[in-house]
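Commentary on secondary and tertiary structure
Chain residues, written in single-letter form:
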Amino acid sequence: MSLYITSLNSGSNGNCYYIGNEKEAILVDAGISCSEIEKRMKRLGLNMQKVKAIFVSHEHTDHIKGIPTLAKKYQLSIYITTATLFHSGFVLDKKLVMPFSANEPIVIGNLAIKAFPKLHDASDPYSFIITCNEIKVGIFTDIGAPCKHVINHFKECHAAFLEANYDDKMLDSGNYPSYLKRRIRGEKGHLSNNQALELFKTSRPGFMSHLLLSHLSKNNNCPDLVKALFNEHADGVKIIVASRSEETAVFHIYGGDNFNLKHNKQVSFSQLSFSFA
Ligand SMILES: [Zn+2]
Ligand SMILES: [Zn+2]
């Protein structure tokens, strides 16, 4: 059993990531509206009935605003810590609210979802790793710095959503007030293109097949620029930029390592990775 992943939206205007197998799926965050999530999943041929739960990384609006409507409509379990729920200001149906603890995987069918703490300016922020039959996908956005937890978990991933929030020069020369520039650059802000690239270059495992660059700033980044930057170092890893305005394709992470991509050119990419779109 392998994993299918997509970004339904990524950026400070809303984040929602889908990770599932043939039978069940979860969403990490739901920071766009319920109707947009439904519309985008339908376009991708993904079935909302497979989605069993939403895992909430932190309380910033771009990660939670769709949760109350979506959870109520589909009676989805919402895995959220007490601190994050409190700071969200939401009053959610108690029977849907589920706790989670760092490094204690939650099992949903054939999926195991493990949370680990991250550096970000929220009350109790987490990153997640989803495992299905030894195949691992990580979601690493909204992180001020690649701490040892991020580095260690990145090394295990067959695919990763990795924040590449800003280009240093664009942030420097842009017109954000200096306090905001400091916040973005700070230990608990966001990861720059260069920080993300350094992590990719030094810690990516040989079996990683897909990297989805995520949570790009609208004003301080450029999708073409960051894609070109990573493509120079891709060495067989498929680099995708997750959009701020639409869904990506669905990528099939089958865990057979990317040996063929690197060493057997006659195996076409479509045999290894496909889209429902
Ligand atoms: Zn965010
Ligand atoms: Zn945030």
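For the structure, check the block above.
To keep things clear, this report deals only with the structure shown in the data block. Numbering of residues starts from 1 in each chain and follows the order in which that chain's sequence is written. Chain labels run from A onward and ligand labels from 1 onward, assigned in the order the entries are written. With pLDDT at 70 or above as the cut-off, local features in this predicted model cover only qualifying residues; side-chain atom pairs require 80 or more to be listed or tallied, and sums for whole chains, interfaces and linings still use all residues. As a convention, hydrogens and water are excluded, and side-chain values are obtained from all of the structure's heavy atoms.

This next bit is on the overall build of the protein. Numbering goes from the N terminus for both helices and strands, where a helix is a DSSP run of H or I of at least four residues and a strand is a run of E of at least two. Looking only at helices and strands, the protein features 11 helices and 14 strands. Computed over the C-alpha atoms, the radius of gyration of the protein is 18 Å, within 12% of the 19 Å expected from 2.2 N^0.38 for a compact globule of 277 residues. Considering only C-alpha atoms, the protein reaches an extent of 50 × 50 × 35 Å along its principal axes. Per-residue accessibility, obtained with a 1.4 Å probe over protein chains only, is compared with the maximum for each type, and a residue is labelled buried under 20%, exposed over 50%, and partly exposed between these values. Expressed as a percentage of the 277 residues in the protein, the buried residues total 54%. Long-range pairs, those at least 24 residues apart, make up 65% of the contacts in the protein with a sequence separation of at least 6. Residue exposure ignores everything except the shown protein chains as possible cover, and the areas themselves are Shrake-Rupley values with a 1.4 Å probe. Counting only carbon and sulfur atoms, one obtains 52% of the accessible surface of the protein, whose full area is about 11,800 Å². In this tally, Asp and Glu contribute negative charge and Lys and Arg positive charge; neither His nor the terminal groups of the chain are included. Every charge is mapped to an atom, namely NZ of Lys, CZ of Arg, CG of Asp or CD of Glu. Separation of charge centres in the protein, based on 31 positive and 26 negative side chains, amounts to 3 Å. The quantity called the radius of gyration is restricted to C-alpha atoms. Its globule counterpart is 2.2 Å times the number of residues to the power 0.38. Note on contacts: a residue pair qualifies if any of its non-hydrogen atoms lie within 4.5 Å across the two residues.

This brings us to the coordination of the zinc ion (ligand 1). Each metal's donors comprise the N, O and S atoms found within 2.8 Å of it (within 3.2 Å for Na, K or Ca). Water is not part of the atom list, so some coordination spheres may appear incomplete. Protein ligation of the zinc ion (ligand 1) involves D62 (OD), H63 (NE2), D142 (OD) and H215 (NE2), the donor distances falling in the range 2.1 to 2.2 Å. Binding-site remark: the zinc ion (ligand 1) is held by donors from one chain whose sequence spacing is D-H-x78-D-x72-H. In this structure, the zinc ion (ligand 1) lies 3.5 Å away from the zinc ion (ligand 2), the two metals sharing D142 as a donor.

Before going further, it helps to examine the side chain of S57. Mapped onto the secondary structure, S57 falls in the loop between β4 (51-55) and α2 (61-64). Take S57: its relative accessible area is 2%, and that puts it in the buried class. A 3.5 Å cut-off defines polar contacts: any pair of N or O atoms within that distance qualifies, except that in protein one atom must be a possible hydrogen donor and the other a possible acceptor, and neighbouring residues in sequence count only when both atoms are side-chain atoms. A polar contact of 2.7 Å, which involves the side chain of S57, links it to the side chain of D29. Once residues within four sequence positions are removed from consideration, S57 is found in contact with D29, H63, K118, D124, P125, Y126 and F128.

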